[in-house]
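Observations on chain architecture
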Amino acid sequence: MNTLLRIFLVVLSGLATGSLAQAHPHVWVTMQTELVYAPDGSITGIRHAWSFDDMFSTFATQGLESKEKGKFTRDELAPLAKVNVESLKEYDYFTYATADGKKAELTDPAAGYWLDYKDQVLTLNFLLPFKAPVKAKELKVEIYDPSIFVDFAFAKDNPVQLAGAPKCKLDVVLPREMTFAEGKALSQIPVDEKNTTMAWGAQFASKILVHCP
Amino acid sequence: MTGWPRLRVLRGLLVPVSLLLLLVIVEAAMAQPFGLNRAAPEAGGFAGWILAKQAEFYRMLSGLIRAAKADGSAAYTLLGISFLYGIFHAAGPGHGKAVISSYLVANNETWRRGVALSFASALLQAFTAIAIVGVAAALLGATAKAMGNTVRVIEIVSYTLIVLIGLRLLWVKGRAFLHALGFGEGSHTQNHAHEHGHDRGHHQHHHHHDHDHDHEASAWSHGHAPEPSELAGDHWLKRGLAAIVAVGLRPCSGAIIVLVFALAQGLFWIGVASTFVMGLGTAITVAAIATVAVAARGLAGKLAKTKPGVGVIVLRGFETAAALVIVLFGAALLTGYLASERLIGV
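Residues numbered from 1 in each chain as written. Chains lettered and ligands numbered in written order. Predicted model: local features only at pLDDT ≥ 70, side-chain atom pairs only at ≥ 80, totals over all residues. Heavy atoms only, no water.

So, the sheet that holds strand β12 (residues 206–211) of chain A
Residue and element names in this part refer to chain A. One open sheet accounts for five strands, arranged β4-β3-β7-β12-β10; its pairing is antiparallel. The open sheet has two edge strands with one neighbour each: β4 (102–104) and β10 (169–173). For this sheet the average axis-to-axis angle between neighbouring strands, irrespective of direction, equals 25°. In the sheet, β10 pairs with β12 via five bridges, with the strands oriented antiparallel. In the strand pairing of β12, Leu170 is matched with Val210. (Pairing = 2+ DSSP bridges. Helix = DSSP H or I, 4+ residues; strand = E, 2+ residues; numbered from the N terminus. Axes fitted to C-alpha atoms, helices over the stretch in contact; angles between N-to-C directions.)

Right under this line is the structure:
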């Protein structure tokens, strides 16, 4: 029975290897995020500016009518912005916030969201208000797609800004990427062997941490 | 059934069935159903490496399409990267490795047929993407949203087809499995004889690869009953057609995006070439995985001959489990529990 078992294991690990690899990103988002504070020091909302990669921007604007070819005004993009924001609801806007370790609820974007089209890149601007303003010593905001269909990365310049909370300390944690050496070492583990020696996971979440006094 | 302690039989069955179930659970868990398990995703190991590679190749595509516009020779690089992307991308969900492999195992198909099915479904997949973008975007000027809706309709048809194929196999294999276990011996013989009469292609088939298979069956002392693989349909290509369509109908989101991008650059034909080369790469990976599955099934068949009793039961159990995997897969995809690729926000 042992030989049989071994064969089954090899087949299944072969199948599982493929299955374990999830969908890879088909959409890349470069983000600039602003945390909006009220005068009393509580956070009221998260303002996102998400720029999509050129392929997805082209795809998303396919078939849209515009006065000038290859250019889109904010008005012409308004219907698309509406679809974008409405379909993001299903994914909780890919934004997850906790205040002092407790989940802080966000609500649907305030009216006044819009799409820009510049240099063949679409940028979605929207404000996610908190259900109730939150005061927290430690605020954590994570932005990621659990299914990794959309890849989120902070912009190099001004990735995160605090609006109206000058006394707080801001940290931006970038997702950890696998190094070349790690990738190579991993590829040398036989597929029918369990990876126990290198039990790490690459964190794909972009994280914002705010510590207030 | 006599002479074999039931306990041993059950223990032998436990292995393949539980492993297959494990595969389904892992697949479902990795898919991170929306609303559940909202933990930050982790990807490590070999899977993580594949993920990183395909993302890297995919990102190169847009630059290469742009480059091809200015300099024709960049098109060759584009095709090379498309090919590599296809090879790596097939490892992700949505390219039917699991469905095709399970189908081959359940149906006891040869590796040649496995390779043929893999290539046919990958090419059909490329063709669907080209047809959607070619007709909807290039000719009708449809929006991304309209294309997304079209894909969703195709998805429902494709996933339903997967469920139906699985159910059909489960019906045939499950009965053969129960038969092997010794349930309803008398009435079953009659059942089989009845179906035998309907199976017109049976006699032709008898001379092909099913031969050694008959020995397995005869070891179980009912060689007179037709093989389950024969009951599954008439000609292998005809019965495989459903599997090809079920897997290949659903276009790859990546291919659609690449095609639309190429179209916008005025290089639609380069996009078409890239999509076909991608399909070729996809086919190679799926065929390789399918070949491993078929080889293991073959070895298991040989081993089954050396252990007449348990061997055949395990084999039938494995086939039944493979059929069950197809049903579960299709159902999970259909209900959206298992997220395949999606076109978001359009």
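Let's pick the thread back up.
Comments concerning the pattern of salt bridges
Counted under the stated rule, the structure contains 16 salt bridges over all chains. For A:Asp171, the salt bridge identified is with A:Lys169, shortest N-O distance 2.9 Å. Given the relative accessible area of 28%, A:Asp171 is considered partly exposed. Among the ionic pairs, B:Lys173 bridges to B:Glu319, the shortest N-O distance being 3.9 Å. Taken as a pair, B:Lys173 in helix α6 (residues 144–181) and B:Glu319 in helix α14 (residues 308–334) lie far apart in primary sequence, 146 residues in all. Pair check on accessibility: B:Lys173 and B:Glu319 agree, each one buried. (Salt bridge = Lys/Arg side-chain N within 4 Å of Asp/Glu carboxyl O. Buried < 20%, exposed > 50% of the residue type's maximum accessible area, 1.4 Å probe, protein only.)

Here's the deal with the packing of helix α5 (residues 111–139) of chain B against helix α13 (residues 268–306) of chain B
Residues and elements named next belong to chain B. Packing of α5 against α13 brings their axes to within 8 Å, and their N-to-C directions diverge by 155°. Taken as axis vectors, α5 and α13 run roughly antiparallel relative to one another. Along this stretch, α5 crosses α13, giving a crossing that reads as right-handed. Partitioned by chemical class, the residues of the contact of α5 with α13 number 19 nonpolar, six polar and no charged. (Parallel < 35°, antiparallel > 145°, perpendicular 65-115°, else oblique. Left-handed = near helix turned anticlockwise from the far one by under 90°. Nonpolar A, V, L, I, M, F, W, Y, C, P; charged D, E, K, R; others polar.)

So, the pairing of strand β1 (residues 27–37) of chain A
Residue and element names in this part refer to chain A. Counting buried residues along β1, eight of its eleven residues qualify, which places the element largely inside the surrounding structure. Pairing of β1 with strand β2 (residues 43–52), which is carried by nine bridges, proceeds in the antiparallel orientation. The residue bridging Val36 from the neighbouring strand is Gly45, located in β2. Here β1 folds back onto β2 in antiparallel fashion, the turn holding five residues, of which Gly41 has a positive phi close to 90°. Pairing geometry for β1 and strand β9 (residues 160–163), over four bridges, is parallel. Across the sheet, Glu34 pairs through a bridge with Gln161, a residue of β9.

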